[in-house]
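The lines below spell out each chain.
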Amino acid sequence: ARRVAAIPKAQYGGRHAVTMLPGSGIGPELMNYVKEVFRYAGVPVDFEEVQMDPKSESNEDLEYALTSIRRNGVALKGNIETGSMSRGVLSRNVALRNELDLYINVLHCKSYPGVTARQKDIDIIIVRQNTEGEYAMLEHESVSGVVESMKVVTSENSERVARYAFEYAKKNGRKKVTTIHKANIMKLSDGLFLETSRKIASDYPDIEHNDMIIDNCCMQLVSKPHQFDVMIMTNLYGTIVSNVVCGLVGGAGLLSGKNYGDHYAIFEPGTRNTGTAIAGKNIANPVAMLNAAVDMLEHLGHHYHANMIHTAIDRTINEDHIHTPDLGGQATSIDVVQNIIKYLQETTKTSNW
Ligand code: ADP
Ligand code: MG
């Protein structure tokens with residue numbers, strides 16, 4: 001099978017350069033926490049920061065971001081608000097994924113034992129087609145009052161998604177893959193997606209494959225989520241289901257998502273929120289973005305630092321219960337970050353001596 005997302009070579013001294021797109025809302029403050037945590041952990045990564053201007057009518061900032069990511073191979077990203085509804089202005093988020101052909105989004109939805117949530121012990125992998133489907137951005141008003149929007153499904157992309165999911169299942173000892181669709185109504189588009197995943201499934205006789213209609217899937221997720229292991233789905237179902245599962249596990253502030261193509265990778269919070277209403281209040285949960293940063297370090301092969309930060313986050317949430325308001329706690333963003341840094345300092349002290 002082909003490799004997904006080539007890993008960039010380290011520069012002199014083993015350091016990596018990474019594009020940082022702080023985005024809008026809580027993005028910039030979360031990025032400051034990442035920088036702070038990296039400094040204390042001694043992470044050999046240099047950020048190249050690119051600001052996006054959501055009000056801009058030109059796409060110059062987008063071009064600049066693309067150039068930077070193509071050079072570095074990897075980006076850490078906050079959500080970018082699409083400020084203008086004007087037709088010439090693309091959603092920067094969608095445009096980045098499409099231009100870089102980041103055809104897969106992976107969300108590992110794993111419960112934190114220390115977080116009180118609607119469901120316990122969830123461990124689901126959502127593999128989502130990330131560039132086409134309803135996000136093809138092909139809409140037009142054919143006659144006044146009639147808008148047509150094209151949903152694009154290709155066998156090539158359906159196959160890449162299914163292949164990734166089954167390979168993931170095989171490598172990680174997962175038992176079952178479920179394809180989510182609405183092929184009973186969208187017989188051609190979702191039909192192709194489903195048919196393709198069945199074809200790929202036949203290459204993996206040791207992994208169970210089943211399928212489920214999207215509406216039933218939402219009901220099953222809320223009532224009996226433990227039946228799911230690895231899930232594959234098209235773009236729009238993917239964003240909705242990701243939000244459902246994040247909600248079950250503890251909300252928008254915890255989990256991270258990975259976007260992969262053959263050449264590039266972007267790491268970001270799993271539900272891609274801007275968090276405009278909570279920006280600048282020192283209440284945003286820094287964990288989702290820190291987890292995205294840990295994913296990025298894993299991708300670059302900096303396993304020691306990834307593990308150090310990951311452990312510090314887990315202990316802060318599960319053992320010390322330092323929780324921001326989204327998790328029902330009263331801690332500030334800075335309380336969480338300081339507690340994480342406390343563990344990093346303990347680790348770096350003992351390893352230096
Ligand atoms: P969108 O950008 O999709 O419009 P919002 O920014 O409104 O989404 O976020 C959705 C919800 O998730 C809001 O209630 C927001 O406060 C919450 N949220 C998002 N990110 C975080 C975070 N890091 N910590 C706490 N709450 C968050
Ligand atoms: Mg918003």
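Anyway, here's the lowdown on the structure attached to this text.

What counts, and at which threshold
- Residues numbered from 1 in each chain as written.
- Chains lettered and ligands numbered in written order.
- Predicted model: local features only at pLDDT ≥ 70, side-chain atom pairs only at ≥ 80, totals over all residues.
- Heavy atoms only, no water.
- Near = heavy atom within 4 Å.
- Polar contact = N/O pair within 3.5 Å; in protein donor to acceptor, adjacent residues only side chain to side chain.
- Areas by Shrake-Rupley, 256 points an atom, 1.4 Å probe, with all protein chains shown as cover.
- Nonpolar A, V, L, I, M, F, W, Y, C, P; charged D, E, K, R; others polar.
- Pairing = 2+ DSSP bridges.
- Helix = DSSP H or I, 4+ residues; strand = E, 2+ residues; numbered from the N terminus.
- Axes fitted to C-alpha atoms, helices over the stretch in contact; angles between N-to-C directions.
- Contact = heavy atoms within 4.5 Å.
- Expected span 1.5 Å × (residues − 1).
- Buried < 20%, exposed > 50% of the residue type's maximum accessible area, 1.4 Å probe, protein only.
- Arc of directions from axis to C-beta.
- Phe/Tyr/Trp six-rings, centres within 6.5 Å; stacked < 30°, edge-to-face > 60°.
- Lys NZ or Arg CZ within 6 Å of the ring centre and 35° of its normal.

1. Side note on the site of ligand 1
Around ligand 1, a shell composed of I26, A252, G253, N273, T274, G275, T276, I278, A284, N285 and D326 is seen. Side-chain polar atom of N273 to an oxygen atom of ligand 1: 3.0 Å apart, as the coordinates give it. Taking N285, its main chain carries an N or O atom lying 2.8 Å from a nitrogen atom of ligand 1. Burial of ligand 1 by the protein chains amounts to 59% of its free accessible area of 550 Å². Taken together, the residues of the shell around ligand 1 sort by class into four nonpolar, six polar and one charged.

2. What about the sheet that holds strand 8 (residues 176-181)?
What links the strands of a sheet is backbone hydrogen bonding, and the strands pair in either a parallel or an antiparallel sense. The strand order across the open sheet built from 10 strands is 2-1-3-12-11-4-5-10-8-9, with neighbouring strands paired in mixed fashion. At either end of the open sheet lies a strand with only one pairing partner, and these are strand 2 (45-49) and strand 9 (208-213). Across this sheet, the average inter-strand angle for adjacent strands is 25°, counted without regard to direction. Packing against the sheet, helix 5 (residues 189-201) makes contact with strand 8, strand 9 and strand 10 (230-233), and its axis sits at approximately 165° to strand 8.

3. Details of helix 9 (residues 303-319)
Across its 17 residues, helix 9 extends 23 Å between first and last C-alpha, which sits within 8% of the 24 Å expected from 1.5 Å per residue. Among the residues making up helix 9, those that are buried are H305, A306, M308, I309, A312, I313, T316 and I317. Here the buried residues of helix 9 occupy an arc of 165° about the axis, which is enough to place them on one side. Immediately beyond the C-terminal end of helix 9, within one or two residues, lies H321, with a positive phi of roughly 50°.

4. Observations regarding the packing of aromatic side chains
What characterises a pair of aromatic rings is the spacing of the ring centres plus the angle enclosed by the ring planes. Within this structure, the stated rule accounts for five aromatic pairs. Relative to F47, the ring of F38 lies with its centre 5.6 Å away and its plane at 25°, an arrangement referred to as stacked. Overall, F47 belongs to the partly exposed group, its relative accessible area being 23%. Of the aromatic side chains, those joined through ring pairs into one cluster are Y164, Y168, Y260 and F267. In this arrangement the basic side chain of R128 is found over the ring face of Y135, its NZ or CZ atom lying 5.5 Å from the centre. The cationic tip of R160 hangs over the ring face of Y103; the distance from NZ or CZ to the ring centre is 3.5 Å.

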